[in-house]
Amino acid sequence: MQTATIERTTCWLMRVMTFSIVFVIASIILKIVWNGLPAISWEFLTAMPRQAGAEGGILPAIVGTLYLVLGTVAVALPLGTGTAIYLSEYAKPSRFTRTVRLAIVTLAGVPSIVFGLFGLGLFVIFLGFGASIISGCLTLACMILPIIIVSSEEALRAVPQSLREGSLALGATKWQTIYKNVLPYSIPGMLTGSILGIGRAAGETAPILLTVAAFYLPKLPKSVFDQVMALPYHLYVLATQHPDAAKVRPMQYATALVLLALVLAVNLAAILLRVRIRKKHKW
Amino acid sequence: MKLAWKEKAIKLILLATASTSILIVAGIFVFLAKEAGQFAIEPGLKELLGTRWVPVSFQKESFGILPLITGSLLVTVLATLLTIPFGVGASVYISELARPTERELLKPFIEILAGIPSVVIGFFGLVVLVPLIKTCFGLSTGLTALAGAILLAFMAIPTVISISEDAIRSVPASYKAASLALGASRMQTIWKVTVPAALPGIVAAVMLGMGRVIGETMAVMMVTGNAAVITAWPFDSVRTMTATIAAEMGEVAFGSHHYRALFCVGIVLLVATFGLNMIAQKVLSKYRIG
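Residues numbered from 1 in each chain as written. Chains lettered and ligands numbered in written order. Predicted model: local features only at pLDDT ≥ 70, side-chain atom pairs only at ≥ 80, totals over all residues.

(A) Inspection of the overall build of chain A at higher detail. Within chain A one finds 11 helices and two strands. Taken along its principal axes, the extent of the C-alpha atoms in chain A is 75 × 70 × 35 Å. For chain A, buried positions account for 49% of its 283 residues. Long-range pairs, those at least 24 residues apart, make up 77% of the contacts in chain A with a sequence separation of at least 6. (Helix = DSSP H or I, 4+ residues; strand = E, 2+ residues; numbered from the N terminus. Buried ≥ 20, exposed ≤ 12 C-beta atoms within 10 Å, placed from the backbone. Contact = placed C-beta atoms within 7 Å.)

(B) Quick peek at the packing of helix 10 (residues 231-241) of chain A against helix 4 (residues 118-137) of chain B. Packing of helix 10 of chain A against helix 4 of chain B leaves a shortest axis separation of 9 Å and a crossing angle of 20°. Between helix 10 of chain A and helix 4 of chain B, the crossing angle belongs to the class labelled roughly parallel. Classified by chirality, the crossing of helix 4 of chain B by helix 10 of chain A is left-handed. Judged by residue contacts, P232(A), L235(A), Y236(A) and A239(A) of helix 10 of chain A engage V119(B), F123(B) and L126(B) from helix 4 of chain B. Here the residues of the contact of helix 10 of chain A with helix 4 of chain B are counted per class, giving seven nonpolar, no polar and no charged. (Axes fitted to C-alpha atoms, helices over the stretch in contact; angles between N-to-C directions. Parallel < 35°, antiparallel > 145°, perpendicular 65-115°, else oblique. Left-handed = near helix turned anticlockwise from the far one by under 90°. Nonpolar A, V, L, I, M, F, W, Y, C, P; charged D, E, K, R; others polar.)

(C) Highlighting the domain arrangement of chain B. All names here are of chain B. Entries for chain B in the domain assignment read domain 1 (2-41) and domain 2 (65-286). If you look at the interface, domain 1 gives six residues, while domain 2 gives eight residues. Residue classes in the side of domain 1 that touches domain 2 are distributed as four nonpolar, one polar and one charged. (Domains from an automatic or database assignment.)

(D) The arrangement of the interface of chain A and chain B in detail. Contact residues are listed per partner, giving 63 residues for chain A and 68 residues for chain B. If you tally residues by element for the side of chain A that touches chain B, the top one is helix 1 (residues 2-36) of chain A, at 14 residues. By residue class, the composition of the side of chain A that touches chain B is 42 nonpolar, 17 polar and four charged.

(E) Looking closely at the packing of helix 6 (residues 133-157) of chain A against helix 8 (residues 174-203) of chain A. All names here are of chain A. Closest axis-to-axis distance for the helix 6/helix 8 pair is 8 Å, and the angle between their directions is 150°. Classed by the angle they form, the pair helix 6 and helix 8 counts as roughly antiparallel. Read as a crossing pair, helix 6 and helix 8 show a hand that is right-handed. Here L140, I144, I147, I148, V150, S151, S152, E154, A155 and L156 of helix 6 come into contact with helix 8, specifically with V182, S186, G189, M190, T192, G193, S194, L196, G197, R200 and A201. A class-by-class count of the residues in the contact of helix 6 with helix 8 yields 11 nonpolar, eight polar and two charged.

(F) Spatial organisation of the environment of A243(B). Structurally, A243(B) can be placed in helix 9 (residues 241-248). For the pair A243(B) and V206(B), spaced 37 residues apart in sequence, the C-alpha to C-alpha distance is 22 Å.

(G) Just the nonpolar core, in detail. Ranked by internal contacts, the top residues of the largest apolar core, which has 181 residues, are L68(A), L151(B), L152(B) and V223(B). It is helix 5 (residues 145-169) of chain B that contributes the most residues to this core, 17 residues altogether. (Core = buried A, V, L, I, M, F, W, Y, C linked by C-beta atoms within 7 Å.)

(H) Representation of helix 1 (residues 2-41) of chain B. In a regular helix each residue adds 1.5 Å, so 40 residues correspond to 58 Å; helix 1 of chain B covers 56 Å between its end C-alpha atoms and thus fits that length. Taken residue by residue, helix 1 of chain B has L14(B), A18(B), S21(B), I24(B), V25(B), I28(B), F31(B), L32(B), E35(B), A36(B) and F39(B) as its buried positions. Where helix 1 of chain B is buried, its residues meet helix 3 (59-90), helix 4 (95-109), helix 5 (112-126) and helix 6 of chain A together with helix 10 (257-286) of chain B. (Expected span 1.5 Å × (residues − 1).)

Right under this line is the structure:
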């Protein structure tokens, strides 16, 4: 009798723990949506900020984040998928392969602020790009590279060996096999990883803090060597650096909402895509 | 003949892209070590061992990183203590007790948490958690190590859950079946058989979570108050290594002692996370998890 009670209590305790996590996630999202929505207007999304961000909109921050994300993906995607194809299709167990894998695991664990220091040292100062979009994109690309590699490799490995063998047996070369028979089936899976990388790049603040982000710059960038504002950094500035933080609270919530909506939409797309792939390909 | 050349060229290109990861890792170590090395020559590494971090001063600057290390340690230890029960409890619940539909909903929902940008979590902490801590404990300010630890614990939870769940699921079903067949109850089986069998993986999961906690920057910078003091009291304000770099790098002169001292802090951070990750990966690959 007593065992049954203990049994049920423990089960409930763990259920409460799990759902308290769910509760906090939900309350973060709801709190920001609830307080942010009233402050969002067409003007907020399309106007330049005025008075150090206390009035006006956040257009340059939105544009800045979009540029950063696009640039980052343009750099990281070819490098990441290339590495994944090499590791999954070509690599033999060797010292080089082990080193590549070690490097990827290490990169995945490097703190984002350390990527910022690296970007500052290499791109901003050593290569002389200055605090600019290009420095920021290259830094963010280094950061999301492991995410893209790991998920792309997983997608490639999920393609059954028989598809490769069939193509090779018909006399196709290795690359023809990969290009015509492996990649078409793994591209959706590779996309999932890239989308997750995009979400990470859009939300990360620490690396761009040191390499690109402008504190307050109410104009749009003209070249890749310009500084830009970015959504996450703008939120940080409004929340902690603004002299009258309480007065600009609505602007803070609205900025947080735009950022959160962007990142969650991106992640949701990745999750839905993954569910679809699982349903479509049952090898 | 032409085809063979093309095949070789493609293989070479792919090999080159695969090498970039190695180059980036090497680059990170080289560029951090370059600045830190110059600090070692000029003021000397002994300067770092001091107990005062006063990088800007009219009399004498002091670059002792001990308060920053203890600040990061305090926040990390507190966050880990909070993460373990929630992370392990939730992963056991999700993998062993939840109904299939419940599991299919819980997993992506917690995955969403991993996607929320740290600056948004920091903002939530600033407007909700910090005032809450202030009133609950009657403090003069809620910007404390505790606030940072709670946010960080929360951010480490998705990592801990996803890896410990893998570990729990890779426990052979025959272990559980044997335990149940001997008459053990469901909870007895979970706590005496499944969890102990998955323990190495759970430990590795917690270590990877800790790696994330030490390296986290924005959330912690927004809520811990950033006072560079040596303390072990959760209700004091602390300044972590990450927050120091992020907050001060914008204002330092390139090539100054302060600039180089911040790179030294970066190295300490890199070595700490690298160590934690390596040990965790060793454990995971030894037990073939994930």
